[in-house]
Amino acid sequence: MRAYGHESDGVTRIPHEAEYLIAAARKLLDEDATLGDVAEWMTKTAGPTVSGRPWAPTTLRRRLRNPAIAGLRRNADDELVSGVAEPLMERELFEAIDGYFKERERGQVPQRAYLLSCGIAMCDPCGSELVSRSSSKGARGYQCEADGCGKIWISAPPLDEYVSARALARLERPSTLQKLRKLRDDLQVAAEAAAKKVPELDKRKRELAAALGATSLTMEEYRLAKSSLDQTRKDVLAILRRAKYLDELPELTIEGLSDWWANTSGNEQRRALLQLVIREVRVEPATKRGSNKFDEQRFNIIYR
Ligand SMILES: [Zn+2]
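Each value, and the rule that gives it
Residues numbered from 1 in each chain as written. Predicted model: local features only at pLDDT ≥ 70, side-chain atom pairs only at ≥ 80, totals over all residues. Helix = DSSP H or I, 4+ residues; strand = E, 2+ residues; numbered from the N terminus. Contact = placed C-beta atoms within 7 Å. Axes fitted to C-alpha atoms, helices over the stretch in contact; angles between N-to-C directions. Parallel < 35°, antiparallel > 145°, perpendicular 65-115°, else oblique. Left-handed = near helix turned anticlockwise from the far one by under 90°. Nonpolar A, V, L, I, M, F, W, Y, C, P; charged D, E, K, R; others polar. Domains from an automatic or database assignment. Pairing = 2+ DSSP bridges.

The chain goes by Recombinase family protein in an unreviewed UniProt entry, where it is assigned to Streptomyces polyasparticus.

Set out below in structure tokens:
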């Protein structure tokens, strides 16, 4: 998928889209409009994003903060230098809008998130999803709460940090990045199909209940059919959950990713990226009881 304002080569300017980005920046700077207002305005006047969705405030902010829109990039020292993309706006306007966002960021308290909840962190002994929990002392961790298991508790911050660093390092390889783009596009397609499937599954569930009521099904037949429907529904919802933040992902280039991770992304977006790259992180029980040392041997990252 291309970035708004540039062709898919990442270089060629699309003039009418450039005009909308300029107008959006001006609205924020000169008209005192909120980011939400301007995102709505974009959807109404410029049309949807390149992935065909309404503009989310974060999507718009991310695009407006990308130096590529001024034909620039950031070097390793975080200085703006010439990039390959054709500028969509003057450097002055870009710096003004970047400064505008920077000012609003100041004083924001970082959220304490669990990056690996929602189906990434798994209990190795029993295969259940680990849930995020704080201990009575306020330590944040992932825990297995499955009946008859409950064997796992692992501290969240070092695990989140370690897994994120590994995922980002992996993304620095062009081949992974290419695979990631394909994963993202495939997920987009799967999510569109899944969204259509949900009402269909709900309808079948109602029909099933009606059939049971009319006694054309035995209880056993009903249970079997229902559990298979429920499983399908669970799979479909899992796809939708993963796809929910696709629009929030950065442009999938090495520069774009690390800059986005460090400066722009929120926790939901970070989680979306991790979910795209990682199938699961299987956590084993601590080898020594009560040991709270971070032990890399305890988990296994499985990539998609
Ligand atoms: Zn377990």
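**Considerations on the overall build of the chain**
Looking only at helices and strands, the chain has 9 helices and 8 strands in total. Considering only C-alpha atoms, the chain reaches an extent of 70 × 55 × 40 Å along its principal axes. Considering only contacts within the chain whose residues lie at least 6 apart along the sequence, 56% involve residues at least 24 apart.

**Things to note about unusual backbone geometry**
Phi at Thr-215 is positive, roughly 55°, even though this residue is not glycine. Considering the arrangement of structural elements, one finds Thr-215 in the loop between helix 6 (174–213) and helix 7 (219–243).

**Observations regarding the packing of helix 1 (residues 15–30) against helix 4 (residues 91–105)**
Interhelical geometry of helix 1 versus helix 4 gives an angle of 50° and a closest axis separation of 10 Å. By the angle between their directions, the pair helix 1 and helix 4 is classed as oblique. Both helix 1 and helix 4 take part in a crossing whose hand is left-handed. Residue-level inspection shows Ile-22, Ala-25, Leu-28 and Leu-29 of helix 1 in contact with helix 4, the latter providing Leu-93, Ala-96, Ile-97 and Tyr-100. Grouping the amino acids of the contact of helix 1 with helix 4 by side-chain chemistry returns 8 nonpolar, no polar and no charged.

**Here we look at the domain arrangement of the chain**
Accessible area lost on assembly of the parts is the figure often given for the size of an interface. Looking at the chain, the domain boundaries give domain 1 (15–105) and domain 2 (113–304). Contact residues are listed per partner, giving 11 residues for domain 1 and 11 residues for domain 2. Sorting the residues of the side of domain 1 that touches domain 2 by element identifies helix 3 (57–64) and strand 1 (72–74) as the ones contributing at least two each. Among the elements that line the side of domain 1 that touches domain 2, the one with the most residues is helix 3, at 3 residues. Residues belonging to the side of domain 1 that touches domain 2 are distributed by class as follows: 1 nonpolar, 5 polar and 5 charged.

**Section: the pairing of strand 4 (residues 131–134)**
Bridge count between strand 4 and strand 5 (residues 140–143): 4 bridges; the pairing is antiparallel. Bridge pairing links Ser-132 to Tyr-142 in strand 5. In this antiparallel pair of consecutive strands, strand 4 and strand 5, the connection spans 5 residues, and Gly-138 shows a positive phi of 90°.

**Side note on the packing of helix 2 (residues 35–46) against helix 3**
Two measures define how a pair of helices packs: the angle their axes make with one another and the distance between the axes. Closest axis-to-axis distance for the helix 2/helix 3 pair is 9 Å, and the angle between their directions is 90°. By the angle class used here, helix 2 and helix 3 are roughly perpendicular. Between helix 2 and helix 3, the contacting residues are Leu-35, Gly-36, Val-38, Ala-39 and Met-42 on the first element and Pro-57, Leu-60 and Arg-61 on the second. In the contact of helix 2 with helix 3, the residues fall into 6 nonpolar, 1 polar and 1 charged.

**Some details on the environment of Arg-104**
In this structure, Arg-104 sits in helix 4. Residues Arg-104 and Asp-295, spaced 191 residues apart in sequence, show a C-alpha to C-alpha distance of 38 Å.

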